[in-house]
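Structural overview
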Amino acid sequence: MNTSEKVAPNSLSNVASARAPKKPGTSPLGSGLEARGVHAWFGNHLAVKDVSLDFSSGTVTALIGPSGCGKSTFIRTLNRMHEFIPSAAFAGEVLLDNQDIYGTGIDVTKIRLQIGMVFQKPNPFPSMTIGENVLSGIKLAQLNVSKSEQQDLMQDCLERAGLWNEVKDRLDAQGGSLSGGQQQRLCIARSLAVKPKVLLMDEPCSALDPGSTLRIEETISQLSNSMTIIIVTHNMQQAARVSDYTAFFLSDGGPGELIEVGPTSQIFTKPRDQRTENYVSGRFG
Amino acid sequence: MSATAISTPTPSKPWVPTTKQRIPGITVAIIAIALAYVIVEVTPLKGKLGYFITFVPLITILQFLLARIRSNKKIAQDVLVSSFMWTAAFFVFLPTFSIIITTVVKGLPGLKPEIFSQTMAATSYTDPIGTGGLLHSLVGTVFVILLSIFISVPLGLLTALYLTEIKGPGSGFIQFIVQAMSGVPSVIAGLFIFSAVILTTPLEASSLLGSFALSILMVPTVTRASQEVLALIPNDLREAGLALGATQWKTVALVVVPAAKSGLLTAMILGVARIAGETAPLLFVLGGTDALNLNPFHNFNSALPLYIWKGFLIGLPESVQRAWTAILVLLILVLTLFTIARVFGPKKGKI
């Protein structure tokens, strides 16, 4: 690791100060997620370089930055989805409740149960009904949930995702019959059913209209009381609206790096780094 | 132009040419027919084929010239290429319709109820139509097709899953073998089972061994068709399954395969279509019999292709009639199997 002294002060030291302004939620959600010196490669190409970030439990963190800055790659290292790309490689540590998820003897399927993910494109399972989609995680992860509990769980997840009122009369319809925004909320409900501690969202609103985006943002605010949320977004207003902390990623042609992290209000009003200011003020990107 | 003059417009289709606009096109077609007639009369070209090979180029050239005169070069090119498409499509459909019509016309006279209730055990192929039947061959064909499905569909599907989902070691080599296998001449498949099973083990020719030989042909077809269907399933769905804490096996079984089920059924149908009419592989491994054998695992059995082959081999009018009827029955059988699969199989989904 040839970490330059230029990168270090922007990552760890800022995290320490960033934690101060808003304390994590009061519910006992564990100690959150911590990335330590994360590097990610595709073949020989280094896509993410030395990113260290703390995600305190019960907070919403937005990852912003121009296309190709490595934020999507970084978020996929947080629940080990990165390794599905055949040429992928990784270095560093990701600690969930102080345990390295890349450690030896770790059951990766258990990790993904605790760290759920919502993708850019709504992807409900086409062969399943709305109800089955919500409960698909129970079957897929082979969890033991009784039939009666499953019904309650389904309603609870759909309510938390803000979709219950729209679909309660047609739970047996195909997931694909919903609109794009509803499908995305269905995918959020599906992720909630396995009760994750952390929810990763990779540009969840980029394919949606403003109305659906608003509904999803409301959902995010409600969910942030009970879990840690990390959201990648291209929409800076969205980052400002939903997140407690914002991390700015940038690539100057080389690997993506973390430039600055801090409380969202600070990043958008008085960022420390000139590049962050240029980006959030719309001078580029 | 007062506001009250606005009325509901009558729906029309301005893009469809009117009869008047069609006149030049129809004239050109009539000229082409007339010219074709003249050419066939003066040159040694004779018969339906003569008309066909003069008419098609004539109409193509005349249509092109007409379009060239009436409009610009681009439209003329469009007309020319369209003509080629229509001709090519016609050439593809012609044999299909020809086969179906010929089979029905020639097979229908022998289609009597007793052919489904009798065998050839007590009848000679040259006996008059109305005695004997092909029940034994029909049963034999159903046996080999069903057994081949039981053997080839799991093998083909699992191979396809290995190649598209697991992409494990040796995938490239297996892919190569599968492609090579789909080029194996069918008689070789029969000879292989004959030399590998019948000559070296106590097993004797039966429907089971027939289905072994047919499976050699069916597995690559099912594998390649399944692979193409599985490749169409978006990667998002696999990732969504895995992100919910599923193992790869659960993701494939509960997400990927259900999403592809309609296409996988088509893969199975393609496999059955590949083997249903095969005669050569069965010559060595089915035994061939004129009596009904209801045990697919023991003793010689028959199949419709064998029955057809025998009928034509004898070559007398009654035996040839029997063969044509058997072809018709085989056609109906395959059609019935496909219909059953479509009706009772998974409903058409997204793929």
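Nothing here was measured: the structure is a model prediction, and the numbers come from that model.

The rules behind these values
Residues numbered from 1 in each chain as written. Chains lettered and ligands numbered in written order. Predicted model: local features only at pLDDT ≥ 70, side-chain atom pairs only at ≥ 80, totals over all residues. Heavy atoms only, no water. Helix = DSSP H or I, 4+ residues; strand = E, 2+ residues; numbered from the N terminus. Rg over C-alpha atoms; globule rule 2.2 N^0.38 Å. Buried < 20%, exposed > 50% of the residue type's maximum accessible area, 1.4 Å probe, protein only. Contact = heavy atoms within 4.5 Å. Buried area = accessible area lost by both parts, 1.4 Å probe. Salt bridge = Lys/Arg side-chain N within 4 Å of Asp/Glu carboxyl O. Phe/Tyr/Trp six-rings, centres within 6.5 Å; stacked < 30°, edge-to-face > 60°. Lys NZ or Arg CZ within 6 Å of the ring centre and 35° of its normal. pLDDT = per-residue confidence, 0-100. Polar contact = N/O pair within 3.5 Å; in protein donor to acceptor, adjacent residues only side chain to side chain. Pairing = 2+ DSSP bridges. Axes fitted to C-alpha atoms, helices over the stretch in contact; angles between N-to-C directions. Parallel < 35°, antiparallel > 145°, perpendicular 65-115°, else oblique. Left-handed = near helix turned anticlockwise from the far one by under 90°. Nonpolar A, V, L, I, M, F, W, Y, C, P; charged D, E, K, R; others polar.

Let us look at the overall build of chain B. A count of helical and extended segments in chain B gives twelve helices and zero strands. Scanning chain B from its N terminus toward the C terminus, one meets helices and strands in the order α-α-α-α-α-α-α-α-α-α-α-α. Computed over the C-alpha atoms, the radius of gyration of chain B is 28 Å, more than 25% above the 20 Å expected from 2.2 N^0.38 for a compact globule of 351 residues. When its C-alpha atoms are laid out on the principal axes, chain B stretches across 90 × 70 × 45 Å. Across the 351 residues in chain B, those meeting the buried criterion constitute 40%. Look at the contacts in chain B between residues 6 or more apart in sequence, and 70% of them connect residues 24 or more apart.

A separate point is the interface of chain B and chain A. Chain B puts 18 residues into the contact, and the matching count from chain A is 28 residues. Of all residues in chain B, E239, A243 and L244 of chain B bury the most surface against chain A, accounting for 32% of the area lost on that side. Put simply, chain B and chain A have two salt bridges between them. Going through the elements one at a time, α8 (235–243) and α9 (248–275) of chain B are the ones with two or more residues in the side of chain B that touches chain A. For the side of chain B that touches chain A, the element with the highest residue contribution is α8 of chain B, accounting for seven residues.

A few words now on the packing of aromatic side chains. Using the criterion set out here, one finds ten aromatic pairs over all chains in the structure. Taking 5.3 Å as the distance between ring centres and 85° as the angle between the ring planes, the aromatic pair formed by F52 of chain B and F91 of chain B counts as edge-to-face. Here F52 of chain B, found in helix α2 (residues 47–70), pairs with F91 of chain B, found in helix α3 (residues 73–107); they are 39 residues apart in sequence, far enough to count as distant. Residues F194 of chain B and F284 of chain B carry aromatic rings whose centres are separated by 6.2 Å and whose planes lie at 50° to one another, so their mutual orientation is tilted. Remark: F284 of chain B occurs in helix α10 (residues 280–285) and F194 of chain B occurs in helix α6 (residues 186–198); sequence separation between them is 90 residues. Taking the relative accessible area as the measure of exposure, F194 of chain B reaches 28% and is therefore partly exposed. Following the ring pairs from residue to residue traces out a cluster consisting of F55, F74 and F249 of chain A. Directly above the aromatic system of F125 of chain A lies the positively charged group of R190 of chain A, at a separation of 4.3 Å from the ring centroid.

The predicted model of chain A has a mean per-residue pLDDT of 85, with 89% of residues at 70 or higher. Here residues 1–29 of chain A is a poorly scored stretch, pLDDT under 50, and it has 48 contacts once near neighbours within four places are set aside; other chains count.

Before going further, it helps to examine the side chain of N301 of chain B. Residues and elements named next belong to chain B. Along the chain, N301 turns up in the loop between α10 and α11 (304–314). Its relative accessible area of 0% is what places N301 among the buried residues. The residues touching N301, leaving out its near neighbours within four places in the chain, are H136, G140, F143, S207, L286, G287, G288, T289, N293 and N295.

Turning next to the environment of H136 of chain B. Residue and element names in this part refer to chain B. Looking at where H136 falls in the secondary structure, it is placed in helix α4 (residues 135–166). Residue classification places H136 among the buried positions, given a relative accessible area of 0%. Between the C-alpha atoms of H136 and I31, which are 105 residues apart in sequence, the distance is 56 Å. Beyond its immediate sequence surroundings of up to four residues, H136 is in contact with T119, M120, T289, D290, A291, L292, N301, S302 and Y307. Here the side chain of H136 touches S137 through a polar contact of 3.4 Å, side chain to side chain.

Our focus in this paragraph is the pattern of salt bridges. Per the stated rule, a full pass over the model turns up 17 salt bridges over all chains. Between R76 of chain A and E239 of chain B there is a salt bridge; the shortest N-O distance is 2.8 Å. Taken together, the residues R76 of chain A in helix α2 (residues 71–77) and E239 of chain B in helix α8 connect one chain to another. The salt bridge partner of D107 of chain A is K110 of chain A, with a shortest N-O separation of 3.4 Å. Note on D107 of chain A: relative accessible area 36%, which makes it partly exposed. With relative accessibility at 48%, the residue K110 of chain A sits in the partly exposed group. A cluster of three or more residues bridged by salt bridges with shared partners is formed by E166, R185, R215 and E218 of chain A.

Next up on the list: the sheet that holds strand β2 (residues 45–55) of chain A. Residues and elements named next belong to chain A. In space, the four strands of this open sheet follow the order β2-β1-β4-β5, with antiparallel pairing throughout. Since the sheet does not close on itself, it has two edges, and those belong to β2 and β5 (99–100), each with one partner. Strand direction decides the pairing type here: strand β4 (residues 88–96) and β5, joined by two bridges, are antiparallel. Across the sheet, residue L96 finds its bridge partner in β5, namely Q99.

A few words now on the packing of helix α7 (residues 180–192) of chain A against helix α8 (residues 210–223) of chain A. Residue and element names in this part refer to chain A. Following both chains from N to C, one finds α7 and α8 inclined at 20°, their axes separated by 9 Å at the closest point. Here α8 runs roughly parallel to α7, going by the angle between their axes. In the packing of α7 onto α8, the handedness of the crossing is right-handed. Counting all contacts with α7, which are made through G181, Q184, R185, I188 and L192, the residues of α8 involved are S212, R215, I216, T219 and L223. For the contact of α7 with α8, the per-class residue count stands at four nonpolar, four polar and two charged.

Time to look at the sheet that holds strand β8 (residues 228–232) of chain A. Backbone hydrogen bonds hold the strands of a sheet together, and the pairing may be parallel or antiparallel. All names here are of chain A. What the six strands build is an open sheet, ordered β6-β7-β8-β3-β9-β10; its pairing is mixed. A single partner strand is all that each edge strand has here, and the edge strands are β6 (115–118) and β10 (257–263). The sheet shows a mean angle of 15° between the axes of neighbouring strands, taken without regard to direction. Relative to β8, strand β3 (residues 60–64) is paired through four bridges, and the arrangement is parallel. Residue pairing across strands places A62 opposite I231, the latter belonging to β8.

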